[in-house]
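Each chain, letter by letter, is given below.
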Amino acid sequence: YKYRVLNGLKSSGTNLVLEATWTVGIRVRDMTVAHLGGKDIVYINANSALYVLDTSSTGNTPVSLGVSAGSNYAGLTVAGIGAGTPHLYSFRGDTGKLDVYTIKADFTVETTPFKSYTGAELGAICGYATVGAGGTGAAVAATDDEATLFLGANVTTPTLYDRMLV
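Residues numbered from 1 in each chain as written. Predicted model: local features only at pLDDT ≥ 70, side-chain atom pairs only at ≥ 80, totals over all residues. Heavy atoms only, no water.

### Quick word on the overall build of the protein chain
Logical step 1: In terms of helices and strands, the protein chain carries one helix and 14 strands.
Logical step 2: In terms of C-alpha radius of gyration, the protein chain reaches 17 Å, essentially the compact-globule figure of 15 Å for 166 residues.
Logical step 3: Along the three orthogonal principal directions, the C-alpha set of the protein chain runs to about 50 × 40 × 30 Å.
Logical step 4: Among the 166 residues that make up the protein chain, the fraction classed as buried is 38%.
Logical step 5: Taking as baseline every contact in the protein chain between residues at least 6 positions apart, the subset at least 24 positions apart corresponds to 37%.
Logical step 6: Distance from the positive charge centre (11 side chains) to the negative charge centre (13 side chains) of the protein chain: 5 Å. (Helix = DSSP H or I, 4+ residues; strand = E, 2+ residues; numbered from the N terminus. Rg over C-alpha atoms; globule rule 2.2 N^0.38 Å. Buried < 20%, exposed > 50% of the residue type's maximum accessible area, 1.4 Å probe, protein only. Contact = heavy atoms within 4.5 Å. Lys, Arg positive; Asp, Glu negative; His and termini not counted. Charge placed at Lys NZ, Arg CZ, Asp CG, Glu CD.)

### With respect to the packing of aromatic side chains
Logical step 1: The tally for this structure, following the rule as stated, stands at one aromatic pair.
Logical step 2: Taken together, a centroid distance of 6.4 Å and an interplanar angle of 35° make the contact between Tyr1 and Tyr3 tilted.
Logical step 3: Tyr1 gets classed as exposed once you look at its relative accessible area, which sits at 67%.
Logical step 4: Tyr3 sits in the partly exposed class, given a relative accessible area of 44%. (Phe/Tyr/Trp six-rings, centres within 6.5 Å; stacked < 30°, edge-to-face > 60°.)

### Overview of the pattern of salt bridges
Logical step 1: All told, the structure shown has five salt bridges when counted by the stated rule.
Logical step 2: The salt bridge involving Glu19 is made with Arg4; its shortest N-O contact spans 2.8 Å. Of this pair, Glu19 sits in strand S2 (residues 16-20) while Arg4 sits in strand S1 (residues 2-5), and the two are 15 residues apart along the sequence.
Logical step 3: By sharing partners, the salt bridges in this structure join Lys2, Arg4 and Glu19 into a single network. (Salt bridge = Lys/Arg side-chain N within 4 Å of Asp/Glu carboxyl O.)

### Details of the pairing of strand S7 (residues 74-79)
Along a regular strand, successive side chains alternate from one face of the sheet to the other.
Logical step 1: Extensive coverage of S7 is indicated by the burial of six of its six residues.
Logical step 2: Relative to strand S8 (residues 87-92), S7 runs antiparallel, the two being bridged by six bridges. Across the sheet, residue Val78 finds its bridge partner in S8, namely Leu88. (Pairing = 2+ DSSP bridges.)

### Description of the side chain of Thr77
Logical step 1: Tracing the chain through its elements places Thr77 in strand S7.
Logical step 2: Setting aside chain neighbours within four positions, we find Thr77 in contact with Thr32, His87, Leu88, Tyr89, Val140, Ala141 and Ala142.

### Examining the nonpolar core
Logical step 1: Membership of the largest hydrophobic core comes to 17 residues, with the highest contact counts inside it found for Leu36, Tyr43, Leu50, Leu65, Leu88, Ile103 and Val109.
Logical step 2: Once you skip the residues sitting within four places of it in the chain, Ile103 turns out to touch Leu36, Tyr43, Val78, Pro86, His87, Leu88, Thr108 and Val109.
Logical step 3: Judged by nonpolar contacts, the second largest core, of 13 residues, contains Tyr89, Leu98, Val155 and Leu165. (Core = buried A, V, L, I, M, F, W, Y, C linked by side-chain atoms within 4.5 Å.)

### Some thoughts on the pairing of strand S12 (residues 139-142)
Logical step 1: By the alternation rule, side chains of S12 split into Val140 and Ala142, which are all buried, and Ala139 and Ala141, of which none is buried.
Logical step 2: Judged from the four bridges that link them, S12 and strand S13 (residues 149-156) form a sheet pairing that is antiparallel. Along S13, the bridge assignment pairs Ala141 with Phe150.
Logical step 3: Connecting the antiparallel pair S12 and S13 is a turn made up of six residues, with Glu146 showing a positive phi of about 60°.

### Topic: the sheet that holds strand S10 (residues 115-117)
Logical step 1: Within the open sheet, the four strands sit side by side as S7-S8-S9-S10. Their pairing is antiparallel. This sheet does not close on itself; its edge strands, each paired only once, are S7 and S10. Shown here is a sheet whose adjacent strand axes are inclined to one another by a mean of 15°, direction ignored.
Logical step 2: Judged from the three bridges that link them, strand S9 (residues 98-102) and S10 form a sheet pairing that is antiparallel. By the bridge assignment, Val100 is partnered in S10 with Lys115.
Logical step 3: Contacting S8, S9 and S10, helix H1 (residues 119-126) runs over the sheet at an angle of about 75° to S10. (Axes fitted to C-alpha atoms, helices over the stretch in contact; angles between N-to-C directions.)

Here it is in structure tokens:
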């Protein structure tokens, strides 16, 4: 669903107006929106399949990116827009795998990750055996300049739940 927000939610009452509806696979688990090429582009994890949707027209339909998030519970974010080299980050909560894809001019992604890390590699950086232990809890965010990455996940050795790693 795409809503227009009225008055920046500052006034009382319902401040949302429905503008459009799209169907995207099944079980939408996560999505992130990025302003690319003057358009609001939404990247979607629907039952571990990744899609892109150009929301500039209700006639547009979600397009499969041809890559899998690998998990129903994978977090998504976009960074690198200001530098003109946007990337889509996909972080799996179950294994801790982080894939970073280059976003192309048509808003799809290169199917081979630009950069990829295993849960063990991320764990070693953070001082744990692994990052991403368990099927849930996968949050990812990055500053637009891609200088700082934030992950929310479980870790092992010792087993700790719901860690925020920067």
